[in-house]
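What follows is the residue order along each chain.
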Amino acid sequence: MQSAPRRVADGIGFWGVVTKVASGSLSLFGLRFSYKITATILVLVIFASAVIAVLAWHKYKSILDALVVSRLEVTAGHLQNGIQAPLRLGLSLSDVRTMQEQIDRTLGQDRMITAIHVFETAPERRMVYGAGHGAAGEGAVPQPWADAVAAGSGGRFWRSTAEGGQVLGVTLVDRLEQPVGGIAVVYSTAYVDTRIAAMTTSLTDYVIIASGAAAGLGFLAVQILFRPVSKRLKWLARFAGSSGDAEAAGPRPAGTGDALSAAMEQEYGRFDAAVREAETALGDLETLVQTTDARSRAS
Amino acid sequence: MSAKPSEDMDFGHVRRRIILVSGAMVVIAALTVLLLTLRAFERDLLPEVDAKTQAVATALSSTFQQALDLGIPLDQLIGVDLVLDEVLAGNPEIGYLAVTTLDGTAVFLRGPNAADVKPTMGLAGVDGARERSVMLQSNGEAVGRLRVGMAKDFVRRSMTDIILDLAVVLMVSLLATFELLMFFINRSLSGPLTLAMRTMRRGARGDFSHITGIRSGDEVGTLITTIDARVTALNERFRDVMARVGQGAAAGGAAVSAAMDRLRTYSFAEDDRPKPFQMQVLTDVRMPLLLYVLAGEMSRSFFPNFVKDLYTPIPGLSYEAVLGLPISAFMFFMASATPVSGGWADRIGGRRLFLLSLIPTLVGLLGTGFAQTFGQLITFWSLNAIGYAMATIACQSRIAEMTTGENRAQGMAVFVTAIMVAAICGTSFGGVIADRIGFRATFIVSAAMVLLSGLIVAYVFVPKQTKEQVARVPLMQALKRVSTNFRFGVLMVLGAVPAKLILTGFLFYMIPLYLAELGNNQSSIGRQMMVYFAIMIIMSPLFARLADQRGWRGGLVVLGGVVAGIGAAAIPFLGGGELGVLLAVITLGLGHALGTAPLIAMIPEVCAEEVKELGQTALLGILRVVERVGSVLGPLAAASLATLYGYETAAQIIGAIVAGSAVLLWLLLLLGRASASKTPVVDEA
């Protein structure tokens, strides 16, 4: 038997960190090579699937947001069309009597919309019509809305926030194309959030399903492809461990036909022969030294 | 089936199998997720499009209703086509808009799918396409219907866009997967087996002075442990015997001397125990470099917006100029630190320089993330630039340490591809992560990745054994020294500078603007630009191998310049528009894949004398500085030319300059070779 190897300094093997096979010390547990490959494949498929899922989630979110906002723009634009013509004729907002009925009807048609406000910024800042949460007259026109109207032109959409959700607004102008007020459509993001949460759950499920299936397939493929190599290497390790005694190493794996392990075996044969020769040379010298020592003691 | 004569084994077939199986599984998993996702998208988004169609129908019907309420008959409405076209233009998800009589006869009909509308079409529409309709009334009586049909290819169009985007993601994932796999294979299989083979071959020749030094619990590890144990035991036995011989050798006489002579044919460890081999794998550089650059690139997509948050007016500078300051400062400090880092790398080695670079990088990234003022932002971002210069030069230095003239181009291709993969992945992932956790937290994630890259370097980079005796030469003096080297000069001016000029001027600056002008969206522009990176990543190692095997480095640099320039120069002849741009991007990618790594690899050869004086990495640092000149000139030249002549002509001019420079480089290298042949200077161009 060979003596046990001493602690090897500067041992390297990055993968050892992952498999608890620390360099420079004995492994806590040894993983077969094929298991390591399978574990790597599992990590990779989870990584790739998760990346696709994350980016798909963002794509879904952007499309959904765009669709929802464009739908609200249609609604806000529709309301604006109804009121802009009288304003251009010189009427004031409070003169457009049909507006209240129209915003009530619009509010009832879209569950996402929580409130609609029609407000004036000139000549004075006030709420004129309203429906839903915080209807007209219940509050002052928020400063950001007034700023957005002042900065905009007729028909231009703007975004803001309000109690109860997000705001999509549109600026109203008078016959001189001067901003005089706006329409603020307040909508809840709860609907979009719910849809996105549902999609998140679905995508997580898909990642688990796809990763599990691919890892399972990968495990089978690895077992089929690497089993011969693994067997040959294990036999070679036993062969090496038994000081090159092929019988002690057990039956040689047949039919593997693997060039790598065949080359390793051939190389080990040469190495083993050289080691034996060196051992013989050392043994001869040891015998001579022992003989010399014995003679010295005797004399 | 004999082993190869060299000490290193060819593990190509095992590597191929692992890559094949892993790649196939990744593709299967990714495609499964992709298909399931597309189904979910279709299921979820169709009702939303339907709701949008309903909103359009309601809004538009009120316009018609106003006219009908005035008593105008339905078929005598004026300007209806204009109104319908306006609505169609603003709503791509609508396939047709129709105003029909009650019996379904179309009075007005517009839209891309207008031909599909049947007179008696029901609510389901044609081909399953959804339709929404609103009744139109006059004096309380129904007179017709407004029908709004969803574009039958809208979902398909949206899905195509999504599929193209996700295909890019899949490619990025595969690239990252490949990097991880190569690292795994090299560290756990080919590296250990190569060392085992090396130990056995040395042993077979009687050299027992080295062991593999690797411990692992798998089959490879068991075999290696056994080999190491035999070599170690032999050395211990030798030491014991020699100790005893030393005590009584004099009395041994001729027999002992003869036995000693026999043992002298073997080599044993000089000190107590056999030395472990150092596993040096070129691809070891790739993983930490990839992580490091990835960390830096993560902020690329949102950095301008992040800067806006901290914007402070600076007297005399416009808003845009102030926003550009942090990026300019980054470039300035990176360019300044590069040559200095080159000198350090030659003295302290790539490993220590990389570990040192962690200090400015981590402080810089975390400081940037927590910056509260514009001044702090610029300071920390500049510190990060210094770290970036140190780390990238450290990796180049590491590659230079590990390569010889025979494989230097391949080594540099490792560097180039790692940077490219990081650039692609970082920009994609950075935006996603920032969107989820915010700008500031993303910098912390980047810092964690940098730390991880440092840990890998500390673990896998072997410390430099001997320090080169290289004089500390200031940059200007070094530049002066190399400026007398004619071939280095022409290589820089006609090879390195034009390569960066066309990269930043044409690809980074002009193509996004030109494609946007042609009506392409950001995703489409990104996809076209990504073709360049994909070609670089795939082709660069192949051409680098060719350069090393055939010694065609100079030729490939010249050919690369010509190919890179010719595509841009020929845009109008390649069909112009998107197709012309795509072909130009492909030729640019091919050209740079041909020339980038060979150009870097040529430096130590055309500067054989200077390398001895200044150090190899210092010269690579000079190359980086010279390249920055091209990077700065590129956008400036492109912007000026595009303003004067338009994008296509500007691209032609830049392409012609680059291709012409390459031809001139060829002629001057030939001239240089002719004169160099009179003196004993290494030459291969």
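Calculation rules
- Residues numbered from 1 in each chain as written.
- Chains lettered and ligands numbered in written order.
- Predicted model: local features only at pLDDT ≥ 70, side-chain atom pairs only at ≥ 80, totals over all residues.
- Helix = DSSP H or I, 4+ residues; strand = E, 2+ residues; numbered from the N terminus.
- Buried ≥ 20, exposed ≤ 12 C-beta atoms within 10 Å, placed from the backbone.
- Contact = placed C-beta atoms within 7 Å.
- Core = buried A, V, L, I, M, F, W, Y, C linked by C-beta atoms within 7 Å.
- Expected span 1.5 Å × (residues − 1).
- Bend = angle between axes of the 7 residues up to and from the residue.
- Pairing = 2+ DSSP bridges.
- Axes fitted to C-alpha atoms, helices over the stretch in contact; angles between N-to-C directions.
- Arc of directions from axis to C-beta.
- Parallel < 35°, antiparallel > 145°, perpendicular 65-115°, else oblique.
- Left-handed = near helix turned anticlockwise from the far one by under 90°.
- pLDDT = per-residue confidence, 0-100.

**Observations concerning the overall build of chain B**
Item 1. When you go through chain B residue by residue, the secondary structure sums to 18 helices and eight strands.
Item 2. A burial count over chain B gives 51% of its 685 residues as buried.
Item 3. Across chain B, the fraction of contacts at a sequence separation of at least 24, relative to all contacts at a separation of at least 6, is 78%.

**Quick notes on the overall build of chain A**
Item 1. Secondary structure assignment for chain A yields six helices and five strands.
Item 2. Beginning at the N terminus, the succession of helices and strands in chain A can be written as α-α-α-β-β-α-β-β-β-α-α.
Item 3. Here chain A holds 299 residues, and 40% of them are scored as buried.
Item 4. Put simply, 53% of the contacts in chain A that link residues at least 6 apart link residues at least 24 apart.

**Some remarks on the nonpolar core**
Item 1. I52 of chain A together with M412, F415, I502, F506, L619 and I654 of chain B are the most contacted members of the largest nonpolar core, which has 243 residues in total.
Item 2. Setting aside its immediate chain neighbours within four residues, F415 of chain B contacts V285, L289, C395, Q396 and I399 of chain B.
Item 3. If you look at the next biggest cluster of nonpolar residues, it comprises 33 residues, including L72, L87, I103 and V186 of chain A.

**Describing helix α15 (residues 577–606) of chain B**
All names here are of chain B.
Item 1. Between its first and last C-alpha atoms α15 spans 41 Å; for 30 residues at 1.5 Å apiece the expected length is 44 Å, and the two agree.
Item 2. The sharpest bend along α15 reaches about 30° and sits at I600, with the proline P604 one to four residues further on.
Item 3. Of all 30 residues that make up α15, 22 are buried, and the element is covered over most of its length.

**Thoughts on the sheet that holds strand β1 (residues 113–120) of chain A**
Residue and element names in this part refer to chain A.
Item 1. Here we have five strands laid out as an open sheet, ordered β2-β1-β5-β4-β3, and antiparallel in their pairing. Each edge of the sheet is formed by a strand with only one pairing partner; in this case those strands are β2 (126–132) and β3 (157–162). Neighbouring strand axes in the sheet, compared pairwise and without regard to direction, differ in orientation by 25° on average.
Item 2. On the sheet, helix α3 (residues 98–109) packs against β1 and β2 and is oriented at approximately 35° with respect to β2.
Item 3. Its contacts with the sheet place helix α4 (residues 143–151) against β1, β3, β4 (165–173) and β5 (179–187), and it is angled at close to 130° to β5.

**What about the sheet that holds strand β2 (residues 106–110) of chain B?**
Residue and element names in this part refer to chain B.
Item 1. Strand order in the open sheet formed by four strands is β2-β1-β4-β3, with antiparallel pairing between adjacent strands. Looking at which strands have only one partner, the edges of the open sheet turn out to be β2 and β3 (131–138). Averaged over all adjacent pairs, the angle separating strand axes in this sheet is 15°, with direction ignored.
Item 2. Pairing geometry for β3 and strand β4 (residues 141–150), over eight bridges, is antiparallel. Bridging across to β4, S138 finds its partner in E141.
Item 3. Strands β1 (94–101) and β2 of the sheet are contacted by helix α2 (residues 80–90), whose axis makes an angle of about 40° with β2.

**Quick notes on α4 of chain A**
Residues and elements named next belong to chain A.
Item 1. If you check which residues of α4 are buried, you get W145, A148 and V149. Projected onto a plane normal to the axis of α4, the buried residues spread over an arc of 100° and lie on a single side. Exposed side of α4, more than 90 degrees from the buried face: Q143 and A151 are the residues found there.
Item 2. Elements that come into contact with the buried residues of α4 comprise β1, β3, β4 and β5.

**Side note on the pairing of β1 of chain B**
Look at any regular strand and the pattern is simple: side chains alternate between the two faces of the sheet.
Residue and element names in this part refer to chain B.
Item 1. Counting buried residues along β1, seven of its eight residues qualify, which places the element largely inside the surrounding structure.
Item 2. Where β1 meets β4, seven bridges bridge the pair, whose relative direction is antiparallel. Across the sheet, residue A98 finds its bridge partner in β4, namely R147.
Item 3. Where β1 and β2 come together, four bridges link them in antiparallel fashion.

**Some thoughts on the packing of helix α12 (residues 486–517) of chain B against α15 of chain B**
Residues and elements named next belong to chain B.
Item 1. It is the contact of α12 with α15, at a shortest axis distance of 10 Å, that shows an interaxial angle of 155°. The angle between α12 and α15 places the two elements in the roughly antiparallel class. Where α12 crosses over α15, the handedness of that crossing is left-handed. Together, R487, F488, L491, G495, A496, A499, I502, F506, L507, I511, Y514 and L515 of α12 and E578, V581, V585, L588, H592, G595, T596, L599, M602 and V606 of α15 make up the contact between the two elements.

**Side note on the confidence of the model for chain B**
Residues and elements named next belong to chain B.
Item 1. For chain B, the average pLDDT comes to 80, and 88% of its residues sit at 70 or higher.
Item 2. Highest mean pLDDT in chain B belongs to helix α10 (residues 439–460) (91); lowest belongs to helix α11 (residues 475–483) (72).
Item 3. Ignoring residues within four places in sequence, the model shows residues 1–8, a span with pLDDT below 50, making 15 contacts including any to other chains.
Item 4. With pLDDT under 50 throughout, residues 679–685 is counted as low confidence; its partners more than four residues away or in other chains account for 14 contacts.

**Quick notes on the packing of α12 of chain B against helix α17 (residues 616–645) of chain B**
Residues and elements named next belong to chain B.
Item 1. Remark: α12 packs on α17, axes separated minimally by 7 Å, with the N-to-C direction vectors making an angle of 45°. Classed by the angle they form, the pair α12 and α17 counts as oblique. The way α12 lies across α17 gives a crossing that is right-handed.

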